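Listed below are the residues making up each chain.
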Amino acid sequence: MSNEHTLGRRSDHPTHAPSTTVDRARLDEAFDALSNRRRRDVLYYLHQADGGRVDVCDIADTMTAWEVECLETVESDHFRSLLVSLRHVHLPKLAEIGALSYDRDQDTVEQSDSPVIHDWVDLAAVEELN
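Below or above, wherever it landed, is the structure these notes cover. (Residues numbered from 1 in each chain as written. Predicted model: local features only at pLDDT ≥ 70, side-chain atom pairs only at ≥ 80, totals over all residues. Heavy atoms only, no water.)

1. Structural notes on the environment of H78
- Structurally, H78 is set in helix α4 (residues 76-96).
- C-alpha separation for the pair H78 and D61, spaced 17 residues apart in sequence, amounts to 9.8 Å.
- Among all residues touching H78, those that are not within four sequence positions of it are R38, T64, E67 and V68. (Helix = DSSP H or I, 4+ residues; strand = E, 2+ residues; numbered from the N terminus. Contact = heavy atoms within 4.5 Å.)

Shown next as structure tokens:
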């Protein structure tokens, strides 16, 4: 049996070579951050908001409606729980990877201008929102 073809090696497949230098640790962080549905929903919301600063409570209010089937049954506990998780988990993580800027003092967020993050979010949106 010949060893002429070794599958899976990047050197054998130049089409897999990145066109620019990629910081693999940052790429891992980005994929980890985008693996969570709530974090993707934050980015979807910001994309729909067409730029500018957005109040975190507005994001939590919209996401609560997205997560709960019937608005009449929305309990304030769900909103508060979502708000806490946004402020303490999801927004800091998204800010850490450069997907948005988060002003804790003003309780606002703003979409970043990271084209890499936007490209991945656009791809995810096609699958999840259509």
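2. Regarding the packing of helix α2 (residues 37-48) against helix α3 (residues 56-67)
- At a minimum axis distance of 10 Å, the contact between α2 and α3 shows a crossing angle of 115 degrees. In this structure, α2 crosses over α3, and the sense of that crossing is right-handed. Each of R38, D41, V42, Y45, L46 and Q48 in α2 lies in contact with α3, whose residues at this interface are D58, I59, T62, M63, W66 and E67.
- Residues that form the contact of α2 with α3 fall into these classes: six nonpolar, two polar and four charged. (Axes fitted to C-alpha atoms, helices over the stretch in contact; angles between N-to-C directions. Left-handed = near helix turned anticlockwise from the far one by under 90°. Nonpolar A, V, L, I, M, F, W, Y, C, P; charged D, E, K, R; others polar.)

3. Here's the deal with the pairing of strand β3 (residues 108-111)
- In terms of strand pairing, strand β1 (residues 54-55) meets β3 through two bridges, oriented antiparallel. Bridge pairing in β3 places D55 opposite T108.
- As paired elements, strand β2 (residues 100-103) and β3 share four bridges and run antiparallel to each other. Residue D103 lies in a different strand from β3, and its bridge partner there is T108.
- Between β2 and β3, which pair antiparallel and follow one another directly, the connecting turn spans four residues, one of which, D107, has a positive phi of 55 degrees. (Pairing = 2+ DSSP bridges.)

4. Some remarks on helix α5 (residues 115-129)
- The terminal C-alpha atoms of α5, which comprises 15 residues, lie 20 Å apart, in line with the 21 Å expected from a rise of 1.5 Å per residue.
- Looking only at α5, the buried set comprises I117, H118, V121 and A125. Axial view of α5: buried residues confined to an arc of 90 degrees, hence all on one face. Turned more than 90 degrees off the buried face of α5, the exposed positions are P115, L123 and E127.
- Contacts made by the buried residues of α5 are with α1 (24-34), α2 and β3. (Expected span 1.5 Å × (residues − 1). Buried < 20%, exposed > 50% of the residue type's maximum accessible area, 1.4 Å probe, protein only. Arc of directions from axis to C-beta.)

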